[in-house]
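Single-letter residue listing:
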Amino acid sequence: MRLILPCGCLQKDEDDEDQAHLHKPRDNKLYQQKLKPCCLLVITTQKVVTLFVLTGLIFLPIGITLLVQSTEIYQQDFEYTHCYDKEESGSLCSKSRFIGTTCPCEPIDITVPDTVKGEIMLLYGLNNYYQNHRLYRQSQSFLQLLGDVEGSCYVKEYCDPYNQDGEEVTYYPKGAIANSYFTDTFKIKDSAGNEIIPDFTDISWKSDRDSKFLLPANWKGWTPDSGEYVMPKDWNTWANHNNTGSKILPSDVRDEHLINWMNPAAFPSFTKLYGKIKLDPGKYTLEVEYRYHVAAFHGEKFVRLAETSWMGGRSYFLGSAYCIVGFFCLVAAAFFVVISRQTRAKRHERKKKIDEQLVHYKDQNNNAHSSTL
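Predicted model, so just to flag it, every value in this text is computed and none were measured.

Visitor: So what's going on with the sheet that holds strand E11 (residues 300–307)? Residues and values would help.
Guide: Strand order in the open sheet made by the 4 strands is E1-E11-E4-E9, with antiparallel pairing throughout. Each end of this open sheet is capped by a strand with a single partner; those strands are strand E1 (75–79) and strand E9 (270–278). Here the average twist between neighbouring strands, direction ignored, is 20°. Pairing analysis gives 5 bridges linking E1 to E11, with the strands arranged antiparallel. In the sheet register, Gln-76 faces E11, and the bridge partner there is Leu-305.

Visitor: Got a sec to walk through the state of the cysteines? Specific residues and values, please.
Guide: For the structure on display, the rule yields 2 disulfides. Across a sulfur-sulfur distance of 1.9 Å, Cys-83 and Cys-105 are joined as a disulfide pair. With a gap of 22 residues between them, Cys-83 in the loop between E1 and strand E2 (103–104) and Cys-105 in the loop between E2 and strand E3 (108–112) connect regions that are remote in the sequence. Disulfide pairing places Cys-93 opposite Cys-103 at an S-S distance of 1.9 Å. Looking down the S-S bond of the Cys-93 and Cys-103 bridge, the torsion is -65°, so its handedness is left-handed. Here Cys-93 is found in the loop between E1 and E2, whereas its partner Cys-103 is found in strand E2, with 10 residues between them in sequence.

What counts, and where the lines are drawn
- Residues numbered from 1 in each chain as written.
- Predicted model: local features only at pLDDT ≥ 70, side-chain atom pairs only at ≥ 80, totals over all residues.
- Heavy atoms only, no water.
- Pairing = 2+ DSSP bridges.
- Helix = DSSP H or I, 4+ residues; strand = E, 2+ residues; numbered from the N terminus.
- Axes fitted to C-alpha atoms, helices over the stretch in contact; angles between N-to-C directions.
- Disulfide = S-S within 2.5 Å.

Below you can see the structure in the form of structure tokens.
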């Protein structure tokens, strides 16, 4: 007689067995973690304390070295947002808002200490300037910078209203970043009044100069007869109004000042390299030609003279991070040692009780085995 089961019952039992088999690791050395090179780490108090102590002893000297090195690096900032007009006594340069005007600031005294040796970086900085704003950083045409004058922006609207002029001639380069090019210029003079010319070569990334900022094949300069393109809107104002001339503007897109400006900063407070200069210890004066207005958005401008070393410029962050991590590792090691000391008696008592239970269990098994015999 054949037993007929309800529909699906037999299949259900087989499915349960298959499902249980799927959750079971394969019976080989890899899945069972029995390979010889494998390290089955047993974490003990001694190993943890040793790891934390070694980390602390390594990190603390590195952090202290970086902090000491940072303090020895020369760096000085000169804020000039609200400087006074050298030609009009008592008049602030920040009050002039018209694009195209140049306001010479009163000279700023600089003292270079005797500890300075070698080249000094001349940088300009801006505070509360959000180059990292999404719409601002996307307001440029990467194809155009690669040599295609008619190259469009990633989204056309991102470059408006700095895409074409009133006659529908393409701006080159187009976009808000290029149009807002930083136009302040700086001069450093020694005590005798002689100007010291900075070195403006190799102040940008080599990869940018070689691969990212390329001239178009039909480049004729920003001249009226070029026909295919014109300089950005505000650049044209600088070049043609108020007799400021075009010397403050880039000669082409390979200008390294423009390259540095076209790489948006990640934070609202940033510096960009203006030049490299060799200054002997002594007194100097810094002359600023004020053109770039930041008062409308409560921004600030400053000039920075900074020395570099094997670890780069002055930065207390990296050294402080190493010291903090090293200090907390030593504190953690001390904490684990104290906890281990306080719980040692309880651990020994627990181990003794477990050993007694094991002995008792073995005795019972031996007695049961002997009785069966």
